[in-house]
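Structure assessment
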Amino acid sequence: MDSTNNRLANAATDGEIPEEVLDEFKVFLKQVPVNRLNKGLRKMLIDYLFYNIDDGLPLDFKDLLTDLYWLYELLDHLPNKEMETE
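Anyway, here's the lowdown on the structure attached to this text. The structure displayed is predicted, hence computed values, not measured ones.

1. Some remarks on the packing of aromatic side chains
As enumerated under the stated definition, the model contains 3 aromatic pairs in all. Between the aromatic rings of tyrosine 48 and phenylalanine 61, the centroid separation amounts to 6.3 Å while the plane-to-plane angle is 25 degrees, which identifies the pairing as stacked. Placement of the pair is tyrosine 48 in helix 3 (residues 34-52) and phenylalanine 61 in helix 4 (residues 61-77), with a sequence separation of 13 residues. Assessed through its relative accessible area of 32%, tyrosine 48 is described here as partly exposed. Ring centres 5.0 Å apart and planes at 85 degrees place the aromatic pair tyrosine 69 and tryptophan 70 in the edge-to-face group. Overall, the relative accessible area of 34% leaves tryptophan 70 in the partly exposed class. In this structure, arginine 42 is placed above the aromatic ring of tyrosine 72, and the distance from its NZ or CZ to the ring centre is 4.5 Å.

Cut-offs and rules
- Residues numbered from 1 in each chain as written.
- Predicted model: local features only at pLDDT ≥ 70, side-chain atom pairs only at ≥ 80, totals over all residues.
- Heavy atoms only, no water.
- Phe/Tyr/Trp six-rings, centres within 6.5 Å; stacked < 30°, edge-to-face > 60°.
- Helix = DSSP H or I, 4+ residues; strand = E, 2+ residues; numbered from the N terminus.
- Buried < 20%, exposed > 50% of the residue type's maximum accessible area, 1.4 Å probe, protein only.
- Lys NZ or Arg CZ within 6 Å of the ring centre and 35° of its normal.

Written out as structure tokens, the structure is:
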């Protein structure tokens, strides 16, 4: 994915991530099966596109899609609890 607009789109993360946010992220990772979330979000996106492609998409859909791309990249690289127990 092209990262030329990343600096503007992600300006909020240019500084240090607060410890409280990191703690909440750790809780999230402990509570939510990453693989299930990853697959579920992808299925929801495909379902949304399937039923809305002809009706027009939101004007900011490119930004939303870019954000989802980076979320999927993150999810693809997180440890999966289901896989760790095998």
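We are not done yet, so read on.
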